[in-house]
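# Analysis of the macromolecular model
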Amino acid sequence: MRALIEELAQAVGSSHVLTDPSTRAPFETDWTRRWSAPALAVVRPADCDQVAAVLRACSRHGIGVVPQGGNTGLVGGSTPRAGVDQVVLSLTRLTEVGPVDLAASSVSVGAGVTLARLQAIAHEAGLDAGLDLGARDSATIAGLAACDAGGLRAIRYGTARTRVAGLRAVLSDGRIIDRRAGLLKDNAGYDLPALLIGSEGTLAVITDVVWRLVPRLDARALALIPVDGFDAAVALVAGVRPVLPSLELCELMTDAGVALTADHLAMSRPVDPAPAYVLLECAATTDPLEELAEALHAAGVGDRAVVATDAASHARLLRLREAHTEAIAAAGVAHKIDVGVPLRGLAAFADQATAIVRDAAPEAQLILFGHLGDGNLHVNILGLHDEADRVEHEILALAIQAGGTISAEHGIGVQKAEHLPLLRGPDELRTMADIKAALDPPGILNPGVLLAR
Ligand code: FAD
Ligand code: MLT
Ligand code: ZN
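Quick caveat: nothing in here was measured; it's all calculated off a predicted structure.

## Considerations on empty space enclosed by the protein
Following the criterion strictly, the structure yields one cavity of 30 Å³ or more and no others. Approximately 50 Å³ is the volume attributed to the largest cavity. Around the largest cavity, the lining residues are Trp31, Thr32, Arg33, Thr325, Ile328, Ala329, Gly332, Ala334 and Lys336. The element contributing the most residues to the lining of the largest cavity is helix α13 (residues 324–331), with three residues. Looking at the lining of the largest cavity, its residues break down into four nonpolar, three polar and two charged.

## Digging into the pairing of strand β4 (residues 86–90)
Judged by how many residues are buried, β4 sits mostly within the fold: five of five residues are covered. Here β4 shows no split at all, with Gln86, Val88 and Ser90 on one side and Val87 and Leu89 on the other all buried. Sheet topology places strand β2 (residues 41–43) next to β4; three bridges connect them, and they run parallel. Looking at the pairing, Val42 lines up with Val88 of β4. As judged from the five bridges shared by strand β3 (residues 64–68) and β4, these two strands associate in the parallel manner. Pairing of Gly64 across the sheet is with Gln86, part of β4.

## Comments concerning the coordination of the zinc ion (ligand 3)
Only His371 (NE2), His378 (NE2) and Glu409 (OE) from the protein reach the zinc ion (ligand 3) as donors, at distances of 1.9 to 2.1 Å. Ordering the donors of the zinc ion (ligand 3) by residue number gives the pattern H-x6-H-x30-E. On the criterion of sequence distance, the pair formed by His378 in strand β17 (residues 376–382) and Glu409 in the loop between α15 (388–401) and α16 (420–423) is long-range, its members being 31 residues apart. Each member of the pair, His378 as well as Glu409, carries the same accessibility label: buried.

## A look at the environment of Pro275
Turning to its location among the elements, Pro275 is positioned in the loop between α10 (255–264) and β13 (276–284). Linking Pro275 and Ala154, residues 121 residues apart in sequence, is a C-alpha distance of 25 Å. In this structure Pro275 touches Val227, Asp228, Gly229, Thr254 and Asp255, once residues within four positions along its chain are discounted.

Analysis parameters
Residues numbered from 1 in each chain as written. Chains lettered and ligands numbered in written order. Predicted model: local features only at pLDDT ≥ 70, side-chain atom pairs only at ≥ 80, totals over all residues. Heavy atoms only, no water. 1 Å grid on protein atoms, 1.4 Å probe; cavity = no way out; pocket = protein on both sides within 12 Å on 5 of 7 lines; lining within 4 Å. Points joined across faces, edges and corners; volume = space filled by probe spheres on them. Helix = DSSP H or I, 4+ residues; strand = E, 2+ residues; numbered from the N terminus. Nonpolar A, V, L, I, M, F, W, Y, C, P; charged D, E, K, R; others polar. Buried < 20%, exposed > 50% of the residue type's maximum accessible area, 1.4 Å probe, protein only. Pairing = 2+ DSSP bridges. Donors = N, O, S within 2.8 Å, 3.2 Å for Na, K, Ca; no water. Contact = heavy atoms within 4.5 Å.

Structure representation (structure tokens):
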């Protein structure tokens, strides 16, 4: 492997090839702490040409490459697999930012630009990124595109896929796909960028993204509504969604999650205990509070809604939802299962998932929360041991039975690669494998992620 390390050093400069265990360590364990393995080296290129040189070198040596952005992924796709020699390709030095194109409402950014930085750039231009999530300070734009991340505002703006107007990416043999024109309409040939979005680093390494921005809406109103359960939560969505064009966030929490998170934040609970809570936020150019209040009243929950009265209480209620992830991580290494379920079946799914966990591990702690409007539920379980694989399998199978998906926004990663055949048939899996073989003939890009080996 000495020869490869030397070629990598030639490609990016020796100070950007990390081989010492202590400097590699932060790149080798994922955010959840569920996945950890040593890398042969961590390579930190500065631009697209250097990425191509690294990939060509790894191809020649037949060494696997794990693309990594902010390492905030939750399915084990951004850190090395155990027992094989792999290089982590960190894209965080690709931070070039182009000018905001106001007419097109877009901006071209390097792969390693964080979501928080993109949001700040958009805000300065009177615009917004149209995507938000709790990992904004570390998650990178290419990481968002590679996972087709969703986040808290997908109900209004869609997932990362909707926001990507173009991109540049490098294939494992160094070929470059450059579609940065950012045109709204461009149907000349296969939509290769669309193929790369959600491909989790298995088809190409994204080096630049042209991101579609949205108008900045500063007038906001927020309400937290305690409800009797998931059926009531879904009924509330059905009541308010059609009459709230300004609806931008529609989230679900349960009492277990609110209690744990309030405790973690040392925050007093903003509302009396209830089986579930719906958090709604509206955003517009003029204050949408009246519109929200009327909708809640018409839905019969006006009297029990806790409405944010100022910026501080608004931020506190949002934080209560957003901080679920860190509160759970602070309590232990969780099994995090991200599923999508049609809203009509959400309550039954939640009941059955609860029964699976209770039967298999009565001591385990189950926390359900998620993006209610998207039918995207996060099943988090603390305290699973030997029964973990079986529980995970049964819950994923349950989501499919309910007409849903085994991954709504986090991706398949290594966590669910073995489970993908539960959802995708042999013809579809074969087609995916053919696409992988065509774009990555040596099979070096993120082996074991998405498609099981
Ligand atoms: P990484 O974790 O580094 O990588 C993720 C995947 O993308 C890996 O498979 C990796 O190989 C691939 N990849 C990374 N960069 C590239 C590249 N340049 N080219 C090709 N492939 C690449 N996700 C949501 O969808 N919604 C949420 O609400 C949400 N909230 C979160 C909150 C917290 C606190 C945390 C820790 C995570 C959250 N996530 C959420 C998950 C995570 O932030 C997203 O998946 C994000 O898109 C990952 O970006 P990243 O830069 O950290 O990518
Ligand atoms: C969220 O919705 O907060 C994220 O997807 C992170 C998580 O699932 O923990
Ligand atoms: Zn989420």
